[in-house]
Amino acid sequence: MRMPPIADALKPLEWLLGKWKAIQATAIYPTMKDFSYAEELEFTHNGQPNIQFTFSSFNPETKAPMHREIGFIRIKPGTNCVAFISSHNIGLADLEEGVVDGQQLTLETTSLGRMSFGKPPAVEKLKRVIRREGDFLEQIVDMATSNTPLTRHLFARYQKSQ
């Protein structure tokens, strides 16, 4: 199905649209063993002034599903202010806000919600940079938990697949 014309407010984010597949993805954190993962991202729109996204990661060998995020990106019309609203399959919902500057989104959590029976430690802050360089997209995520200060957690580089 073809996407309808993009809303004018979204034009500064048009560079995100499409499907992206990780060619390199690594998770690191002081409280866990480093590992590689596979991931696919999809950014779409339906003509409304928001972008819908799905991030799906999985084990590169077994193909078992891992982390998922589903949400929306909105931009305040006439500005470079962006809201990134995400729901995670681990029982976390977050609102990140920041700016789009050219082909880079820089975001930081302003609100976090967590299910009451989530296992510790609790996520307390996320910082995310998504940038496009030519035919590639990069995502860097830093995370703070109730046990660990803000620290690099994820790095992934993607190539457009559609």
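Everything here concerns the structure above.
The rules behind the values
- Residues numbered from 1 in each chain as written.
- Predicted model: local features only at pLDDT ≥ 70, side-chain atom pairs only at ≥ 80, totals over all residues.
- Heavy atoms only, no water.
- Helix = DSSP H or I, 4+ residues; strand = E, 2+ residues; numbered from the N terminus.
- Rg over C-alpha atoms; globule rule 2.2 N^0.38 Å.
- Buried < 20%, exposed > 50% of the residue type's maximum accessible area, 1.4 Å probe, protein only.
- Contact = heavy atoms within 4.5 Å.
- Areas by Shrake-Rupley, 256 points an atom, 1.4 Å probe, with all protein chains shown as cover.
- Pairing = 2+ DSSP bridges.
- Core = buried A, V, L, I, M, F, W, Y, C linked by side-chain atoms within 4.5 Å.
- Phe/Tyr/Trp six-rings, centres within 6.5 Å; stacked < 30°, edge-to-face > 60°.
- Lys NZ or Arg CZ within 6 Å of the ring centre and 35° of its normal.

Enquirer: Got a sec to walk through the overall build of the protein chain? Specific residues and values, please.
Expert: Along its length, the protein chain carries zero helices and eleven strands. For the protein chain, the α and β elements follow one another from N to C terminus as β-β-β-β-β-β-β-β-β-β-β. A compact globule built from 162 residues should have a C-alpha radius of gyration of about 15 Å, and the protein chain, at 16 Å, falls within 12% of that. Taken along its principal axes, the extent of the C-alpha atoms in the protein chain is 45 × 35 × 25 Å. Of all 162 residues assigned to the protein chain, the portion counted as buried reaches 40%. Taking contacts inside the protein chain between residues at least 6 apart in sequence as the whole, the part at least 24 apart equals 39%. Total accessible area computed for the protein chain in this model is approximately 8900 Å², and 54% of it derives from carbon and sulfur atoms.

Enquirer: Explain the pairing of strand β5 (residues 65-75) to me, using residue names and the numbers behind them.
Expert: Note on strand geometry: in a regular strand, side chains alternate between the two faces of the sheet. The pairing of strand β4 (residues 51-58) with β5 spans seven bridges and is antiparallel. In the sheet register, Phe 53 faces β5, and the bridge partner there is Gly 71. If you look at the hairpin formed by β4 and β5, you'll find six residues sitting between the two strands, and Lys 63 has a positive phi there, around 65°. Relative to strand β6 (residues 81-88), β5 runs antiparallel, the two sharing seven bridges. Pairing of Ile 75 across the sheet is with Val 82, part of β6. Hairpin connection from β5 to β6: five residues lie between these consecutive antiparallel strands, with Gly 78 at a positive phi of about 80°.

Enquirer: I'd like a rundown of the side chain of His 153, residues and numbers included.
Expert: Within the secondary structure layout, His 153 lies in strand β11 (residues 151-160). Residue classification places His 153 among the buried residues on the basis of a relative accessible area of 13%. For His 153, the residues in contact, after removing those within four places along its chain, are Thr 26, Ala 27, Ile 28, Tyr 29, Met 32, Val 141, Asp 142 and Met 143.

Enquirer: A description of the environment of Asp 101 should follow, citing residues and the corresponding values.
Expert: By the element assignment, Asp 101 lies in the loop between β7 (92-100) and β8 (104-114). C-alpha of Asp 101 to C-alpha of Pro 12: the two residues are 89 residues apart in sequence and 8.4 Å apart in space.

Enquirer: Outline the nonpolar core, listing residues and values.
Expert: Among soluble globular proteins, nonpolar side chains are generally buried collectively. Of all hydrophobic cores here, the largest spans 28 residues; its most connected members are Leu 13, Leu 16, Phe 43, Ile 73, Leu 105 and Leu 137. Of all elements in the fold, only β1 (18-29), β3 (38-44), β4, β5, β6, β8 and β11 reach the threshold of two or more residues within this core. Residues within four places of Leu 137 in sequence aside, it is in contact with Trp 15, Leu 16, Trp 20, Leu 41, Phe 43, Ile 130, Arg 131, Arg 132, Ala 156, Arg 157 and Tyr 158. Core analysis: the next-biggest nonpolar cluster, separate from the first, contains six residues, Leu 92, Val 123, Leu 126 and Met 143 among them.

Enquirer: So, the packing of aromatic side chains: which residues are in play, and what are the values?
Expert: Under the criterion given, the structure shown has six aromatic pairs. Centre to centre, the rings of Phe 53 and Phe 84 are 4.5 Å apart; their planes meet at 15°, and the pair counts as stacked. A residue pair is termed long-range when its members are at least 10 positions apart, and Phe 53 in strand β4 and Phe 84 in strand β6 qualify at 31 residues. The class of Phe 53 is buried, set by a relative accessible area of 1%. In this structure Phe 84 comes out as buried when scored by relative accessible area, which is 0%. Note on Phe 55 and Phe 84: the rings are 6.2 Å apart at their centroids and 50° apart in plane angle, and the pair reads as tilted. With Phe 55 in strand β4 and Phe 84 in strand β6, this pair connects stretches of sequence that are 29 residues apart. By the burial criterion, Phe 55 is buried, and Phe 84 matches it. Taken together, Phe 43, Phe 53, Phe 55 and Phe 84 form an aromatic cluster joined through their ring pairs. It is Arg 157 that lies over the ring of Phe 136; its NZ or CZ is 4.3 Å from the centre.

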